[in-house]
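# Structural characterization, general
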Amino acid sequence: MTALSVKQINKYFSEPVNFHVLKDISFDVARGEFVAIIGKSGSGKSTLLYLLSTMDTEYQGDISINGTRVTGLKQNQLAKFRNEHIGFVFQFHFLLPEFSVLDNVMLPALKLKKKGKEEIEHEAMELLSILGLNGQEHKKASRISGGQQQRVAIARALINGPAIIMGDEPTGNLDSKNTKIVFDIFRRLAKERGQTIIAVTHDDEFRDQL
Amino acid sequence: MVSIQTARQLFSKNKSYATEILVNIRDYSHAQKVASDLSHLTSFKVEPWQDGNSQLDSANVLRDIIAVAVSLTILIVAGFGIYNIMNMTVNEKIKEIAILKAMGFNGKDVIEIFLTQSVVIGLIGGLTGLVLGRIIVSIVDNIPFKIVTLTTLPVEYRASDYIIAFCFGIIITFLAGYLPARKASKIDPGGNFAWLKREV
Ligand SMILES: Nc1ncnc2c1ncn2[C@@H]1O[C@H](COP(=O)(O)OP(=O)(O)O)[C@@H](O)[C@H]1O
Ligand SMILES: [Mg+2]
């Protein structure tokens, strides 16, 4: 079963100059696959990932995720789809700085409303502890180190058990020890839970781990 | 009961004695209606106070208009204040809004967040205003002002005034909050704006 199907994607930027970023991109990703997209800085990796994650809707071509054609859906439908099916780890952590670590992780699940608050909190604590963040739960997200923030962002991406996890240089700010932790988690999620992982990177270390 | 002529004779007074009866009614604005009601009951001429005092009447109307205009102006200025605060908040929080949207929150959720904030501002402001207003009015009520029968500035306490002022305040803050909230709800997480692509 294909988790992600991309057909003939073309993307242009018109500002500041007309620029053809993505040219005729087509590929399929199977369920449970762990895919790394590797390319030089500025080659359009982030741009592609924003299309795949349904956050950017201005492109030509066709994207289907888990059998749902997301191209052409309305903003609110896409928001709901993202909430339920896509976990996203940004290139920069993008946590809500005034919220606690725990609240940041719980937020997508509180929006989804499939589980009670206590269950969500329990799962969030568990994820944080898997990612080596014990004892940080009640600190403000702005008061922890960059590497910790990136791992919190990963926990947040995992909280709703999304079918696809997308990472834009998810280990870019991590040292090799934490890169290995994240990498092992991704690999385990793909293997044990059948979650599909698409990670973008420009660094070869990540590829070597594969 | 005797007729007025008999009464004058009994007191041995002439025709200039007791020429009119003044009637005090509870609500002065009802004078015209009461006058016309009374005129059906008696052959004497009945006249509401406004007829002989049209200047006083128009001064009254003018004063009411000024009072309403001043209150409305203050409300609108306050409304713009809230509008500006909310607009600034939205501009400051663009990144956070984009994050929420990327996490799957939709436009309605974002509107809800910002409307909640402006209505809370409105509620706190409204209640503070009522309390402060009441205190200031009771001070004004004690300012000496000696004209005719008055000894202090005349003040009327009406609960309905407070309720109307509060409701208007809430409505204004709601409107002033809604416009920035709608703007916030349209912020795009990705796309050519790409709020989340670069480190802000
Ligand atoms: N919002 C934008 N407007 C115009 N050009 C952009 C925009 N975002 C990215 N670009 C350009 O598109 C190219 C690819 O950017 P990006 O996808 O961020 O690269 P990568 O993630 O591979 O480093 C770069 O040349 C960048 O300058
Ligand atoms: Mg990038």
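Above this text sits the structure in question.
Reference entry: report on the structure contained in this document. Quick caveat: nothing in here was measured; it's all calculated off a predicted structure. (Residues numbered from 1 in each chain as written. Chains lettered and ligands numbered in written order. Predicted model: local features only at pLDDT ≥ 70, side-chain atom pairs only at ≥ 80, totals over all residues. Heavy atoms only, no water.)

## Looking at the site of ligand 1
In the region of ligand 1, 14 residues are neighbours, and A:E15, A:G42, A:K45, A:S46 and A:T47 sit closest. In this structure, ligand 1 sits where chains A and B come together, each supplying nearby residues. At a separation of 2.6 Å, an oxygen atom of ligand 1 approaches a polar side-chain atom of A:S46. The separation between an oxygen atom of ligand 1 and a polar side-chain atom of A:T47 is 2.6 Å. Contact with the protein chains hides 74% of the accessible area of ligand 1, taken as 560 Å² for the molecule alone. Of all elements in the fold, only β2 (19–30) and α1 (45–52) of chain A reach the threshold of two or more residues within the shell around ligand 1. Of the residues forming the shell around ligand 1, the biggest block, three residues, is contributed by α1(A). When grouped by side-chain class, the residues that make up the shell around ligand 1 number three nonpolar, seven polar and four charged. (Near = heavy atom within 4 Å. Polar contact = N/O pair within 3.5 Å; in protein donor to acceptor, adjacent residues only side chain to side chain. Areas by Shrake-Rupley, 256 points an atom, 1.4 Å probe, with all protein chains shown as cover. Helix = DSSP H or I, 4+ residues; strand = E, 2+ residues; numbered from the N terminus. Nonpolar A, V, L, I, M, F, W, Y, C, P; charged D, E, K, R; others polar.)

## Comments concerning the packing of aromatic side chains
All names here are of chain A. One pass over the structure, following the stated rule, counts six aromatic pairs over all chains. Ring geometry for F34 and F183: centres 5.5 Å apart, planes at 40°, overall tilted. Of this pair, F34 sits in strand β3 (residues 34–38) while F183 sits in helix α6 (residues 176–192), placing them 149 residues apart in sequence. Judged on exposure class, the residue F34 and its partner F183 are both buried. Relative to F94, the ring of F90 has its centre 5.3 Å away and its plane inclined at 85°; by these criteria the two rings are edge-to-face. (Phe/Tyr/Trp six-rings, centres within 6.5 Å; stacked < 30°, edge-to-face > 60°. Buried < 20%, exposed > 50% of the residue type's maximum accessible area, 1.4 Å probe, protein only.)

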